[in-house]
Every structure is written in structure tokens, then in C-alpha cells.
Amino acid sequence: MVLPIVASAVAGAGIKTVLDKTVLKKNDSKEDSSKDDLCATSANFVVSSDMNINHDADALKSRYLAQPYPQVDERDVKTPDNWVKRHPSLIRLTGKHPFNVEAPLPEMFDYGFISPVNLHIVRNHGAVPKLEWNTHTIKINGNCQKPFEIGMDELSKLPYEQFPCLVVCAGNRRKEQNMIKSSIGFNWGPCAVGNTYWKGVPLRVLLNKAGVYKAGPGARFVCLNGPQDELPKSYDGQDGGPGSYGTSIDMETALDPTCDVIVAYEQNGERLHPDHGYPVRIIIPGYIGGRMIKFLAEITVTDRESNNFYHFNDNRVLPPTVDAEIATKDKWWFKEEYIINQLNINGAIAYPAHEEVIKPSTKKYVMKGYAYSGGGRKVIRAEVSFDQGMSWKLADINVRETPRWAAGSSGDKARHWCWCMWEYELDTAMLFDPSCKEILFRAVDQSQNFMPERPTWNVMGMLNNPWYRVRVHKEPDGGVKMEHATIAGPTPGGWMQQMAEKAGGELLWGWGGEGAPAAP
Ligand SMILES: Nc1nc2c(c(=O)[nH]1)N[C@H]1C(S)=C(S)[C@@H](COP(=O)(O)O)O[C@H]1N2
Ligand SMILES: [Mo]
């Protein structure tokens, strides 16, 4: 599918500003939509055409794919998830179970700005809990005046917000880190992402209902917990109870309307897929996915951070000198400053894809990819280089959201919760030139955060965001063949893996030589 490209903007203005006041209207959320198809006029995922000049086709297509996959994949049959229907293209990163997957980046990218639920990243620490809409409840408790418990019907009658938001696992692009030196995490490629619509009740509405209106003594944090017995690991007396996945966020973020934290019960206009937290989960825009608790069972107001096992032992970036042994021995997991919340600037090249061949007869080629940043920060530049970063060319950012809050201003309060999609039309003579060894991508956000040249290894392999480098190999016919750094999951390949093998398994600092392309 071709990306929606809007008529070109003023020459020299690298970014084509595109209006995207995407609005979702639903005719009836309870209606069975399994009969809809792409062409059906009855599709209940209707995007207002005057408000959305770009994403209606994407949204419809994605909405179509959001429907339950017709059958259970045979790989799931002998696992506890033998009732969850999943898209067969998803790349399984941790064997069959638990289910941790990303889509092939080009495939996901082709669906456009709004991702299909079925190709959205899944990160499950354990089996998917079997929860029911009718019986599931969320407890709101802790240091609040009016604790209460709420069921799904009641929750879905409260005021809601609906907006597109990117979910990214902090381990996105981790396989590159693992090539430098093994981290304790599995091999995410560059597609541990998904950009979908979420609908839910603002967390502050529930907190207000419980009598919490501002942060203060006793009410500094909001602990968010999944159900008990989801997972094998826990601490005695931890928040959420035995076997729960839990974390916390600060009360200011939870209460700030412009932070858009929601208790979400719909994704792309449908009730949640089991893999994405059915019936209800937290969405914290601009944050790492790890804080967005799925299967949400409890919201607890506390004066201290969550003491859940996963709050301390997951989602942290420790200094590069700290390995797993030192981290545990010297209690690095419990040093509060190493927690990660907001995403950092990052991005990748989707096209040319790994092993894509560009023939000598091709004169123009359109490179494509995505970029995002955290905390609502806008990606202001997408840049490519063909000379190892000596010079950079400005790519067009063709698809982006209209920010929530302070939209239309250039102020820091405008929130960008989505990825953006960039393109660069390349004169292929540049690629075929013998001097071109690789093509590079980097993004810059409004706070002038750049994707760095080099990675910094960390024991969890998280927030890896160096320049995205694709090697260019000359073909005998004068064309070129592309090689990405790694291939997601267990599949070997990619130039970093080859370098790692040459270096005996440990690259130490990453790139094999000052300024050198070090082509394998
Ligand atoms: N209850 C629960 N919530 C969870 C997790 C989990 O395993 N259990 N994984 C977390 C992590 S690490 C990520 S990246 C996101 C992924 O959300 P997704 O699977 O919908 O993409 O969910 C988070 N919330
Ligand atoms: Mo994650």
C-alpha cells in the first residue's frame, strides 16, 4: 500500500505539515463487526473525512485487520494461551510461550499510520489471564477517602477520551545491543511498536471519584497492578499480590489532563484483544510500554513507588559498567534514578528492507521509515546520510498527528503521542557509487535530542537508539543489496551479527572502528 502523501509543501521546508484531526465515531460499540470488510459501507469504524485527510484508508484497513484472527495458531495449541487467536506473520521472539512478538517492520509499515491490532507488538510476561467483561472489576484503593470497585459496564459509561497513541516496548531494537554483548533481554528487532487508537476513561476521573485531586503527603504515587497469579515471580507482600505484574507512576502525571493517562477498554474501535489486556489496561502516552499495565485489576494510591517485583527488576537503564551480577550484588535495581518512564528519541528505516535488492535500472528510490520521541515531544527532523554521518539530508515527515493539547502552537505543551512516518526520495546513483557503504537514519526531537552515533550498552538492553544503519552491498550487475543490523528474534543474520562473530562474540563498543563503515 502506498502511504498517503500530501501535496508537497514549500520547497526547503523539510516537514510537510499535515492536518490530522483524526476522529473516531462509532455507530454502536456492541454491534458484531465481524461481517465488515474493507469495502463495506457499514463499517462502524468511521473516520470523519473533513477532519482526517490522511488516515481514513489506513484506519479502515487497520480496523478490518483488527478483527479476531479466525483460528488459534497451531503453535499455541499446547500452551496456556490455546484460546487466543493471533496473526501468523508475527515473529515469535521467545519461542512459543510466553507470547512476545513483533511484526516484520515493512509489513506493519505498509498499513500506514494506524497499525492493525493484529500486527501490534505483544509483550506478555506470562500466560494471558482469562478475564470476562461481565465479572472483571478494578479496585481503586490505598490512601484515598472513598475507595471503590468498578465493573466494565460502569467504567464504559464514564467520560472517555479517544486518540491514537504509540505503544513501544523499552526493548525496541534490543537485538543490536545483544550483538555488542548479551543483555538479560530477548531479541527485539526495530518493530516492537504499534500505533493505534485507544479509548478509555482518564485515570484522573477515577482518582477524583476516590477523593484524590492533588498530589501530596500520602498520595505521591499511583500503583497499577494486573491480576494475581499472572506470573511466576513475585516478592512477599508486594503491591498487587502474588504473581501480579505491577508498577507505579507519579501522581502528578496521573492527574495532569495533558498527560492523557487513560484506563483503556477499546483499541481501534473494538474491545481489547486478549494479548493487549482484555478487558482493560492503562495507556500512558509518551511512556515506555512496560508501565502500561494490562488486565488492570487494581489502582492503589500510595506515598511511595510500587514495590512490585517487576517495578524494580524490569524497565531500567543501568550504567554500562553494571552487569547482571553487579546489579544484584550492589542493589542497582533499587536505585530510583535508573528507572525509565518517558521514551527517548528513536526511529528506523523500513524501506529499503533487509535483503531488498535495488536494480541498476531503478533511477529513483523512496526510502521510508518511522520516528518517535517520548513525553509528547515532537520529532522535528528525520535525516539520512550516505557518507557515515559526515553530512545529513532532510527527509520529509509526511504523516504525523495533530498534537493533543496546545495544538497549533509551537509550545512545549502540545503533545505528540504517535510515531511519525518519513520519506526520502533518493537518486540511486548515490547508492550505486562505490563510495556508498551504508545508509543511515537519525531523528531529532523538539528538545534537540538526537539519536546518537553509537549505542551505549546496558544490562537490560533498553532504550537502544543509535543511528539506524543499513549496509549497502554492491551486486555484480551494478545494483545493490541491503543489509540491516539484525533480524528480529532467533534468526541469524544482519551486519552486526557478522561483526559480533568476527569479534568473538563481544563488540565492546559497537561499531568496529572510528568512523569506519566496517562492512562485513
Ligand atoms: N499485566 C501485564 N501488563 C503488562 C505486561 C505484562 O506482561 N502483564 N507487559 C508490559 C510490557 S513490558 C509492555 S512493553 C506492554 C506491551 O503492551 P502490548 O502487549 O499491548 O503491546 O505491556 C506492559 N503491561
Ligand atoms: Mo516492555
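Residues numbered from 1 in each chain as written. Chains lettered and ligands numbered in written order. Predicted model: local features only at pLDDT ≥ 70, side-chain atom pairs only at ≥ 80, totals over all residues.

Per an unreviewed UniProt entry, the chain goes by the name Nitrate reductase [NADH] and belongs to Bathycoccus prasinos. In its Cofactor (unreviewed entry) section, UniProt records this for the chain: "Mo-molybdopterin". (UniProt positions renumbered as here; feature names shortened; annotations may be inferred.)

Engineer: Where do I start with the overall build of the chain in this structure?
Structural biologist: Per the secondary structure count, the chain includes 10 helices and 25 strands. A burial count over the chain gives 49% of its 520 residues as buried. (Helix = DSSP H or I, 4+ residues; strand = E, 2+ residues; numbered from the N terminus. Buried ≥ 20, exposed ≤ 12 C-beta atoms within 10 Å, placed from the backbone.)

Engineer: What exactly am I supposed to notice about the pairing of strand β24 (residues 468–474) here?
Structural biologist: For a regular strand, side chains alternate in direction, first toward one face of the sheet and then toward the other. When you tally the buried positions in β24, you get five out of seven residues, the bulk of the element. Here strand β23 (residues 438–445) pairs with β24 via four bridges, running antiparallel. Residue pairing for β24: glutamate 438 is matched across the bridge by arginine 471. Here β24 runs beside strand β25 (residues 480–483); their pairing, made up of four bridges, is antiparallel. The residue bridging valine 472 from the neighbouring strand is methionine 482, located in β25. Linking β24 back to β25 in an antiparallel pair, the connection comprises five residues, with glycine 478 at a positive phi of about 95 degrees. (Pairing = 2+ DSSP bridges.)

Engineer: When you look at the sheet that holds strand β5 (residues 122–123) in this model, what are you seeing that I'm missing?
Structural biologist: The strands that make up a sheet are held in pairs by hydrogen bonds between backbone atoms, and each pair lies either parallel or antiparallel. Read from one edge of the open sheet, three strands run β3-β4-β5, paired in antiparallel fashion. Both outer strands of the open sheet, β3 (91–92) and β5, are each paired with one neighbouring strand and no more. In terms of strand pairing, strand β4 (residues 100–102) meets β5 through two bridges, oriented antiparallel. Residue pairing across strands places asparagine 100 opposite arginine 123, the latter belonging to β5.

Engineer: Looking at this structure, I do not really get helix α10 (residues 495–502). What am I missing?
Structural biologist: Residues that lie three or four places apart on an α-helix share one face, since the helix turns once every 3.6 residues. Every buried residue belonging to α10 is among Trp495, Met496 and Ala500, and all of these are buried. The arc that holds the buried residues of α10, viewed along the axis, is 140 degrees, so those residues lie on one side. In α10, those exposed residues whose orientation departs by more than 90 degrees from the buried face are Glu501 and Lys502. For α10, the elements touching its buried residues are α4 (174–180), β24 and β25. Immediately beyond the C-terminal end of α10, within one or two residues, lies glycine 504, with a positive phi of roughly 75 degrees. (Arc of directions from axis to C-beta. Contact = placed C-beta atoms within 7 Å.)

Engineer: Would you take a moment to explain the site of ligand 1 for this structure?
Structural biologist: Of all residues adjacent to ligand 1, which total 20 residues, the nearest are His125, Cys169, Gly226, Gly289 and Lys294. Residues that form the shell around ligand 1 fall into these classes: eight nonpolar, eight polar and four charged. (Near = placed C-beta within 6 Å. Nonpolar A, V, L, I, M, F, W, Y, C, P; charged D, E, K, R; others polar.)

Engineer: Just checking my understanding: could you explain the sheet that holds strand β19 (residues 379–385) for this structure?
Structural biologist: Ordered by their spatial adjacency, six strands build an open sheet running β17-β25-β24-β23-β19-β20, and the pairing between neighbours is antiparallel. Unpaired on one side and paired on the other, β17 (357–358) and β20 (393–394) mark the two borders of the sheet. Relative to β23, β19 is paired through six bridges, and the arrangement is antiparallel. Residue serine 385 lies in a different strand from β23, and its bridge partner there is leucine 440.

Engineer: Any chance you could explain the nonpolar core here in plain terms?
Structural biologist: Across soluble globular proteins, nonpolar side chains have a tendency to be buried as a group. Counting residues in hydrophobic clusters, the biggest one holds 120 residues, and the most contacted among them are Val263 and Cys420. When residues of this core are assigned to domains, at least three fall in each of domain 1 (137–161 + 197–338) and domain 2 (346–502). With sequence-adjacent residues up to four places away left out, valine 263 is seen in contact with Leu155, Gly200, Val201, Leu203, Leu206, Val280, Ile282 and Leu296. Residues Met179, Ile180, Trp457 and Trp495 belong to the second largest nonpolar core, which totals seven residues. (Core = buried A, V, L, I, M, F, W, Y, C linked by C-beta atoms within 7 Å. Domains from an automatic or database assignment.)

Engineer: What is the right way to look at the environment of isoleucine 140 in this model?
Structural biologist: Note that isoleucine 140 resides in strand β6 (residues 137–142). Residues isoleucine 140 and valine 222 lie 82 residues apart in sequence; the distance between their C-alpha atoms is 9.9 Å. Apart from the residues within four sequence positions on either side, isoleucine 140 is in contact with Pro147, Phe148, Leu206, Ala210 and Ile299.

Engineer: Can you help me understand the confidence of the model for the chain in this one?
Structural biologist: Atom-level detail of predicted coordinates should not be read off regions where pLDDT is low. On average, residues of the chain carry a pLDDT of 86, and 85% of them reach 70 or more. Within the model, the stretch residues 510–520 combines pLDDT values under 50 with 18 contacts to residues more than four positions away or in other chains. (pLDDT = per-residue confidence, 0-100.)

Engineer: Would you explain the environment of leucine 272 in this entry?
Structural biologist: Counting through the fold element by element, leucine 272 comes out in the loop between β13 (270–271) and β14 (281–283). When the C-alpha atoms of leucine 272 and valine 117 are compared, they prove to be 9.0 Å apart, with 155 residues separating the residues in sequence. Apart from residues lying up to four places away in sequence, leucine 272 is in contact with Tyr265, Glu266, Gln267, Gly277, Tyr278, Pro279 and Arg281.

Engineer: What's the story with the environment of glycine 142 in this structure? I'm lost.
Structural biologist: Considering the arrangement of structural elements, one finds glycine 142 in strand β6. Here glycine 142 falls in the buried class, since 20 other C-beta atoms lie within 10 Å of it. For the pair formed by glycine 142 and valine 222, sequence separation is 80 residues and the distance between their alpha carbons is 9.1 Å. Those residues in contact with glycine 142 that lie beyond four places of it in its chain are Thr300, Val301 and Thr302.

Engineer: Can you walk me through unusual backbone geometry in this structure?
Structural biologist: Excluding glycine, a negative phi dihedral is what most residues carry, and trans is how most peptide bonds are arranged. Cis rather than trans, the peptide bond between tyrosine 278 and proline 279 has omega equal to 0 degrees. With respect to the secondary-structure elements, proline 279 resides in the loop between β13 and β14. Residues other than glycine seldom take positive phi values, yet arginine 173 does so here, at roughly 70 degrees. Locating arginine 173 in the fold gives a position in the loop between β8 (161–168) and α4. A positive phi is found at tryptophan 405, a non-glycine position, where the angle reads about 65 degrees. On the neighbour-count criterion, tryptophan 405 (16 C-beta atoms within 10 Å) is partly exposed.

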